[in-house]
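# Structural overview
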Amino acid sequence: MTSLLRFLPGTTPLVLDSPHSGTRYPTDFGFSCDRMSLRRAEDTHVEKLYDFVPDLGVAWIEAFFPRSYLDANRNITEIDATLLGEAWPDPVETDPVMMSKVRLGKGLIWRMTDDGVPIYARQLSVAEVRGRIDCCWRPYHTAVGAAIDAAHARHGYSIHLNCHSMPAVASSHATDFPGESHADFVIGNRDETTASGPLSLQICEHLAGLGYSVSYNHPYKGVELVRRHSDPARQRHSVQVEINRKLYMNEQTLEITDGFAALQNSLRSLVATLLQTDPRAL
């Protein structure tokens with residue numbers, strides 16, 4: 001199978017990844033809903049917004065597979081048993097908070113679109129789901145972990161930005177807050193368990209200083225990628241960055257708008273600031 005991710009190693013303490021901007025729909029997906037409904041689930045154009053970072057020595061990891069095929073920002077225990085035609089033999093998450101997205105149809109393998117449209121008119125096999133985990137989830141997390149390990153080994157600390165985009169208004173099956181209008185940015189660190197408060201607040205303050213509205217840990221706190229690959233006590237900091245799509249694209253047509261260039265300049269400013277930031281000194 002053609003590689004389903006891009007991994008560009010870096011030389012700086014920064015690591016950025018985009019798990020949800022993939023547009024290569026595998027031939028074995030077997031979905032039955034409208035393709036555009038799946039396209040609107042993508043973090044569309046996020047990889048373009050950050051396309052400048054490899055030239056700055058920043059490690060970059062990007063999923064080519066779509067999040068609706070497999071969501072790399074979920075744990076492999078977040079299995080939606082109702083999707084399967086047979087019993088799942090591996091461990092399943094029991095934490096009700098972590099399983100909240102599964103109930104919305106947004107587990108490791110999606111059952112519903114953001115608007116509550118069923119993705120499949122069939123049931124999946126255990127072998128099919130395990131195959132997606134082996135081809136997509138494991139290589140992606142291996143790449144992110146390797147990049148962070150290398151950055152930390154070089155510099156004694158690492159700063160990982162987990163890069164996402166969000167709709168201007170939360171859809172019915174997207175979060176626990178349907179219909180909520182989003183800020184320009186949501187910065188999440190799972191209530192300061194995946195990155196230090198001073199570092200995270202510096203990111204918030206930098207963006208606010210550029211004129212953006214910024215929310216902190218609401219309604220997105222960060223999920224599996226920042227949880228799994230962080231350890232702030234050891235100076236391994238992971239922050240989830242959500243960008244409001246209205247800033248740079250048309251959410252209906254998916255076309256880039258005139259706001260893209262200004263937003264990218266702001267992101268370039270943020271990355272430049274973080275390249276000069278040692279969280280050990282904050």
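Description of the structure in this document. (Residues numbered from 1 in each chain as written. Predicted model: local features only at pLDDT ≥ 70, side-chain atom pairs only at ≥ 80, totals over all residues. Heavy atoms only, no water.)

### Things to note about the layout of surface pockets
Within this model, the largest pocket holds a volume of roughly 700 Å³. Forming the boundary of the largest pocket are 36 residues, of which Arg74, Lys101, Pro219, Tyr220 and Val223 lie nearest the centre. Ranked by residue count, the leading element in the lining of the largest pocket is strand S4 (residues 158-166), at three residues. Counted by class, the lining of the largest pocket contains ten nonpolar, ten polar and 16 charged residues. In this model, the second largest pocket occupies a volume close to 250 Å³. (1 Å grid on protein atoms, 1.4 Å probe; cavity = no way out; pocket = protein on both sides within 12 Å on 5 of 7 lines; lining within 4 Å. Points joined across faces, edges and corners; volume = space filled by probe spheres on them. Helix = DSSP H or I, 4+ residues; strand = E, 2+ residues; numbered from the N terminus. Nonpolar A, V, L, I, M, F, W, Y, C, P; charged D, E, K, R; others polar.)

### Regarding the sheet that holds strand S7 (residues 236-244)
The strand order across the open sheet built from seven strands is S1-S3-S2-S4-S7-S5-S6, with neighbouring strands paired in mixed fashion. Of all strands in the sheet, those bounded by a partner on one side alone are strand S1 (5-8) and strand S6 (214-216). When the angles between neighbouring strand axes are averaged without regard to direction, this sheet yields 15 degrees. Pairing between strand S5 (residues 185-188) and S7: four bridges, direction antiparallel. (Pairing = 2+ DSSP bridges. Axes fitted to C-alpha atoms, helices over the stretch in contact; angles between N-to-C directions.)

### A short note on the packing of aromatic side chains
Per the stated rule, a full pass over the model turns up eight aromatic pairs. Ring geometry for Tyr25 against Phe29: centres 6.0 Å apart, planes inclined by 15 degrees, an arrangement best described as stacked. Overall, the relative accessible area of 13% leaves Tyr25 in the buried class. Classification of Phe29 as buried rests on a relative accessible area of 1%. (Phe/Tyr/Trp six-rings, centres within 6.5 Å; stacked < 30°, edge-to-face > 60°. Buried < 20%, exposed > 50% of the residue type's maximum accessible area, 1.4 Å probe, protein only.)

### What to know about helix H4 (residues 126-155)
Compared with the 44 Å implied by 1.5 Å per residue over 30 residues, the 42 Å span of H4 between its first and last C-alpha is a close match. The sharpest bend along H4 comes to roughly 35 degrees, located at Ile133. After H4 finishes, the residue Gly156 shows a positive phi value of roughly 85 degrees. (Expected span 1.5 Å × (residues − 1). Bend = angle between axes of the 7 residues up to and from the residue.)

### Quick word on empty space enclosed by the protein
Applying the stated criterion to the full structure yields one cavity of 30 Å³ or more. Around the largest cavity, the lining residues are Glu78, Ile79, Asp80, Leu83, Leu84, Leu108, Ile109, Leu124 and Val129. Here the residues of the lining of the largest cavity sort into seven nonpolar, no polar and two charged.

### Looking at unusual backbone geometry
A cis amide bond links His218 with the next residue in sequence, Pro219, at an omega value of 0 degrees. The topology assignment puts Pro219 in the loop between S6 and helix H6 (224-228). If you check the backbone angles, Glu192 has positive phi at about 65 degrees while not being a glycine.

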